[in-house]
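Structural description and commentary
Here are the chains, one letter per residue:
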Amino acid sequence: MTAAEQISVPEPVLREDRLDFTPIARSVSFSRRRTARLVREWGFPGLAGDAALLISELATNALLHGAVRGRLFRVQLTLTATVLRVAVSDPRGERLPDLREATADECYGRGLLIVMGIADHWGVEPRTVGKTVFAELALRQRPDMPMGPREVRAGPSRAATPR
């Protein structure tokens, strides 16, 4: 077997969270806040804003284009050693995301352009029922920032302090 024919082995998952939401507007803001909080808690405060914006765009698309009455949409966050993946699943597999150019006076139509501009990689995966749209943020290692989540503990002031 040559190197090109080798099957890639998925990275081990370090952290994961998933929650199902009712397809209402309030769920988008809740999922955005929850994402930012979890990413900060997992030790990546610098990615919290980008991850929250990605979830906001993907959840809004699920709400506007993927909602089915009586069916929930799912938000999932997955952290590996090299990638933070944010994903939103909805029940409308026949309605795939479509890049389009919005005119200056349109309020909608720029979400996937925002996702493309922020994410290092994004795509769509079919499901038995529905689809999952995901975006990935690479975890870049700088000399002053070790790879992986930091431990957070309660300090004397009862505020969370990085260790």
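This text goes with the structure placed above it.
Along each chain, numbering runs from 1 in the same order as the chain's sequence is written. Residues qualify for local features only when their pLDDT is at least 70, as the model is predicted, and side-chain atom pairs are given and counted only at 80 or more; totals for whole chains, interfaces and linings, by contrast, use all residues. To obtain the side-chain values, all non-hydrogen atoms of the structure were included, while hydrogens and water were left out.

Attention shifts here to the packing of helix H1 (residues 25-41) against helix H2 (residues 45-65). Packing of H1 against H2 leaves a shortest axis separation of 8 Å and a crossing angle of 155 degrees. One finds that H1 runs roughly antiparallel with respect to H2. H1 and H2 meet at a crossing whose hand is right-handed. Taking contact as the criterion, the partners of Ala25, Val28, Ser31, Arg32, Thr35, Ala36, Val39 and Arg40 in H1 are, on H2, Pro45, Leu47, Ala48, Ala51, Ala52, Ile55, Ser56, Ala59, Thr60 and Leu63. Side-chain classes follow a simple rule in which Ala, Val, Leu, Ile, Met, Phe, Trp, Tyr, Cys and Pro form the nonpolar group, Asp, Glu, Lys and Arg form the charged group, and the remainder, Gly included, forms the polar group. The class makeup of the residues in the contact of H1 with H2 is 12 nonpolar, four polar and two charged. Note on definitions: angles span 0 to 180 degrees between N-to-C directions of axes, and those axes are lines fitted to C-alpha atoms, for helices only across the stretch in contact. Under the scheme used here, helices are H or I runs from DSSP no shorter than 4 residues and strands are E runs no shorter than 2 residues, and both carry numbers assigned from the N terminus. Should an angle fall under 35 degrees it is called roughly parallel, over 145 degrees roughly antiparallel, and 65 to 115 degrees roughly perpendicular, with every other angle called oblique. Note on convention: near helix rotated counterclockwise from far helix by under a right angle means a left-handed crossing. Clockwise means right-handed. In this analysis, two residues are considered to be in contact whenever any of their non-hydrogen atoms come within 4.5 Å of each other.

Once that is clear, we can look at the nonpolar core. The term nonpolar core refers to a set of buried residues drawn from Ala, Val, Leu, Ile, Met, Phe, Trp, Tyr and Cys, joined through side-chain atoms within 4.5 Å. Accessible area is worked out with a 1.4 Å probe on protein chains only. A residue is then buried under 20% of its type maximum, exposed over 50%, and partly exposed in between. The biggest cluster of nonpolar side chains holds 30 residues, and the ones touching the most others in it are Leu84 and Val86. Those elements giving two or more residues to this core turn out to be H1, H2, strand E2 (73-79), strand E3 (83-90) and strand E5 (131-138). Every residue in contact with Val86, bar those within four places of it in the chain, is listed here: Ala51, Leu54, Ile55, Leu58, Gln76, Leu77, Val133, Phe134 and Ala135.

Let us look at the environment of Leu77. Position of Leu77 among the secondary structure elements: in strand E2. It is 9.0 Å that separates the C-alpha atoms of Leu77 and Val88, two residues lying 11 residues apart in sequence. Once residues within four sequence positions are removed from consideration, Leu77 is found in contact with Arg15, Glu16, Asp17, Thr35, Leu38, Trp42, Ile55, Arg85 and Val86.

Following the sequence through the fold, Ser89 ends up in strand E3. Classification of Ser89 by relative accessible area gives buried; the value is 8%. At 3.3 Å, the side chain of Ser89 and the side chain of Arg127 are in polar contact. Pairing of N or O atoms within 3.5 Å defines a polar contact, subject to two protein rules: one partner must be a possible hydrogen donor and the other a possible acceptor, and residues neighboring in sequence count only if both atoms are side-chain atoms.

As defined by bridge partners, strand E4 (residues 121-126) adjoins E5 across six bridges and the pair is classed as antiparallel. Note that in E5 the partner of Glu125 across the bridge is Thr132. Linking E4 to E5, which pair antiparallel, is a turn of four residues; within it Gly130 sits at a positive phi near 95 degrees. Pairing between two strands requires that DSSP report at least two bridges joining them.

Glancing now at H2. Since the α-helix packs 3.6 residues into each turn, any two residues three or four apart lie on the same face. Multiply 1.5 Å by the residue count of a helix minus one, and that product is the helix's expected span. For H2, built from 21 residues, the straight-helix expectation of 30 Å at 1.5 Å per residue is met to within 8% by its first-to-last C-alpha distance of 30 Å. Buried within H2 are the following residues: Leu47, Ala48, Ala51, Ala52, Leu54, Ile55, Ser56, Glu57, Leu58, Ala59, Ala62 and Leu63. Among the structural elements, H1, E2, E3, helix H3 (111-118) and E5 are those in contact with the buried residues of H2.

With their axes 10 Å apart at the nearest point, H2 and H3 run at an angle of 150 degrees to one another. If you check the angle between H2 and H3, you find them roughly antiparallel. Considering only the axes of H2 and H3, their crossing is left-handed. On the side of H2, the interface is formed by Asp50, Leu53, Leu54, Glu57, Leu58 and Asn61, while H3 contributes Gly111, Leu112, Ile114, Val115 and Ile118. Split into classes, the residues belonging to the contact of H2 with H3 amount to seven nonpolar, two polar and two charged.

On their own, these measurements won't tell you what the molecule is for.
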